Every structure is written in C-alpha cells, then in structure tokens.
Amino acid sequence: MAFDLGALFSSKNPPLIGVDLSSSSVKVVELAGTAETGFRLERYAIEALPKGAIADGNIENIEAVSEAVRRAVRKSGTRARNVALALPSAAVITKKIILPGGLSEEALEVQVESEANQYIPFALDEVSLDFSVIGPAANAPDDVELLLAASRKEKVEDRVAVAQAAGLKAVIMDIESHATRATADRVIRLMPNEGEGQIVALFLIGASTTTISVTLNDQPIYEREQAFGGNQLTQDIARAYGLSAEEAEAKKRTGDLPENYERDLLQPFADNIALEVTRALQFFFTSTPYSRVDQILLAGGCAVIPGLVDVVGTRSQAATSILNPFKGMDLGAGLREKQARLDSPSLVVATGLAMRRNG
C-alpha cells in the first residue's frame, strides 16, 4: 500500500539529509535540532548536473545523477546516510478525501484503495500510493479528512535507485511543493504576528520552470507552474559570448563574464522575471476571489540577481524579499554566513526535506 521506502508522509525516522534533485543540480542539506527547539544548519552542498541528466522531472541518467549525489554528500561532509527525496509536483496526483472516523489502519487502507481507483488514471499495481490523515472533516467532525497521494512506481523507483547507487538509503519520499511550503511556512511564522492574515506569494524560479505558491494563514490558496526559468539566461550568455551551455552555466554561477554582461543580459533578464511575476499575479487575481498580495518571496538560483527584488517590488507594488530558508537558524561550525545567504534561495526544497528529520 505505502511506498516501499516507508510512507510518503512518514515522519518517525532517524536523522536524515534532504536531497533535492533538480534539472540543473543536486542540493544536499543537513539540519540539527527540531521545529520546537529551533533548527541549526549543520552543512549543505550544491553539485551541478550534466545537461539532460534530469529532464522534465524524469531521471534520464541514473549513473550521472547518483555520481553527482555522491559528490555533493562528500562535499557537505555529512555522515548521515538516510535521505528524504521529493517527486516533482507534476508527477504526483494528490486528492483530499473524507472517510468515516474510527476506522482501523487496515480498514482505512482498503477504503483509500477503493477511493484511489476513482481518481488515478493508472492501474493500482503501477502506482505507489500513500495517504496522510489531516484531521477531523470540517463539516462532519465524526469523519476524517485524508490527503491521498499517488505516483507512477518508476518515478519513485528511479529516485530510490539514485540514492542506493550513491550509498544512501531513501527513507522518505515527499512532494517538491510540500517541501517548499514547509520551508516557506517556517519563514512566514517568523514575520510579525506570525504572518497572520498575510497573503504571501512565493516564486520559486528554477532552471526551466517557475512554481508559484500563494498561502494565507498556513493554507495554500493558489498553486501554478509556468515555463520560465534561469535556463533562458544561460542560453542568452551562450549565444552572446559563443560558449557551450555548460560553460555558460558555469560562468553564470561565478560571474566570470565581460563587463557588458550586467547591462546587456542580466538586467534585461531581471526585467523579464519581473514581467513574468506581475503576469502570474494578474492570473492569480482573475482566477481567485483575492485582489491583493501582501508579500512576495523570491527563491531559486535567480533570486539573488542584483536589483531583482527592487524591480519586482516596483512592478508588482508589493513588498518583495528573497526567501532565506535558513532565516532564524544558527549556522554549524565551518559554514560562512555570507556564502550560505547567497546559496540559500537555491536550497528551499532541500531544506524542507531536511526538516522532515523530526516530522
């Protein structure tokens, strides 16, 4: 019934590291402490992936990805071998369902399988299926509300195989959007009045897609993905300076580019991001009952582009800042605060996964 590696939503696990497999890189984060006592960032690492090793959320080259994971783990210095991984949101079908209260675990599983048949367009033996009890149903306290999650087995198995090939043990399989939200929720609770009543829009700008997630009082009220990301800038750099995609990506990260780069490429790209953000907000306003956003949080590698926060804030007329998943955390020995702050917007998913160490 549940995923072989434990449960999709399982939380009773030994200390672990969060491993985020994105299309451009592997990110590893290890935390100490708990949500109650406060987390401490122990160590992290980012390791670039060869182009095409992961495409559209699919692992196309298990060997290359597992080797990058192995390098990232070694670079981080962690000794933990249990890992939390995540599936792309597009690879997981989630559905909230209501079932009678008081059922045994076995009876719940039978009912969930029966319900799953209605919502999942694949044979049940082709999917990994799991569920989490949310709590009493809002309109019928005697019933329980559950979150059902299902994914094609090969998607799960590929990620487990990557972990195994890197000498690690996958114990939790999460969903990228849930891990992102866990990180954002913790940071929002550090706002005045714990962010109560604030409509917060998070833009996670990846290599090829930007994920928009809007929350109010810890509840998601809007989620969407659009095809736009940092690859666009990499392509612009490669074209302008006659570089390969790999060279352009490396130089983009180090900033080792001609002096006209910022004026001719970086600033126009920042303007483009701001335009995409304001378009996405307009879509949010027209497709929901909401007509305002109080706070915009930017994440992903592109979030640290100089001047981006100001451009987005001016265009959107909303308070805008970079989401630092390590906000309010102590830093472990050997970590440099400035470097951690620069890298932090790329580590949102990995941090959310690492937070699963204590549920």
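Residues numbered from 1 in each chain as written. Predicted model: local features only at pLDDT ≥ 70, side-chain atom pairs only at ≥ 80, totals over all residues. Heavy atoms only, no water.

1. Quick notes on the pattern of salt bridges
Inspection of every chain in the model, using the stated rule, returns 19 salt bridges. In this structure, E30 and R43 form a salt bridge, with 2.8 Å as the shortest nitrogen-oxygen distance. Remark: R43 occurs in strand β3 (residues 38-48) and E30 occurs in strand β2 (residues 25-34); sequence separation between them is 13 residues. For E30, a relative accessible area of 14% gives the class buried. Using a relative accessible area of 25% as the deciding quantity, one classes R43 as partly exposed. (Salt bridge = Lys/Arg side-chain N within 4 Å of Asp/Glu carboxyl O. Helix = DSSP H or I, 4+ residues; strand = E, 2+ residues; numbered from the N terminus. Buried < 20%, exposed > 50% of the residue type's maximum accessible area, 1.4 Å probe, protein only.)

2. As for the sheet that holds strand β12 (residues 210-216)
Backbone-to-backbone hydrogen bonds join strands into a sheet, with any given pair of strands oriented parallel or antiparallel. Judged by pairing direction, the sheet is mixed, and its 5 strands sit side by side in the order β13-β12-β11-β14-β15 without closing on themselves. Each edge of the open sheet carries a strand with a single partner, namely β13 (219-226) and β15 (319-322). In this sheet, neighbouring strand axes are inclined to one another by 20° on average, regardless of whether the strands run parallel or antiparallel. Contacts from helix α4 (residues 176-188) reach β11 (199-205), β12, β13 and β14 (295-299), with the element oriented near 130° to β11. (Pairing = 2+ DSSP bridges. Axes fitted to C-alpha atoms, helices over the stretch in contact; angles between N-to-C directions. Contact = heavy atoms within 4.5 Å.)

3. Quick word on the sheet that holds strand β9 (residues 143-152)
Overall, antiparallel pairing links the 3 strands, which are arranged β7-β9-β8 in an open sheet. Edge strands, defined here as strands with exactly one partner in the open sheet, are β7 (92-100) and β8 (127-136). Recorded for the sheet is a direction-independent mean angle of 25° between the axes of neighbouring strands. Inspection of the sheet shows β7 paired to β9 by 9 bridges, in the antiparallel sense. Looking at β9, one finds that V92 is bridged to S151.

4. Side note on helix α8 (residues 308-316)
Restricting attention to buried positions, one finds in α8 the residues L308, V311, V312, G313 and S316. Just beyond α8, the residue with positive phi is Q317, at close to 60°.

5. Observations concerning the nonpolar core
Grouped together as the largest cluster of nonpolar side chains are 35 residues, with contacts concentrated most on F203, I273, I296 and I305. Elements with a contribution of two residues or more to this core: β11, β12, α5 (231-241), α7 (261-287), β14 and α8. Of the residues forming this core, the biggest block, 11 residues, is contributed by α7. I273 has contacts with I205, F228, C302, I305 and L308, leaving out every residue within four places of it along the chain. Residues A53, L87, V92 and A170 belong to the second largest nonpolar core, which totals 31 residues. (Core = buried A, V, L, I, M, F, W, Y, C linked by side-chain atoms within 4.5 Å.)

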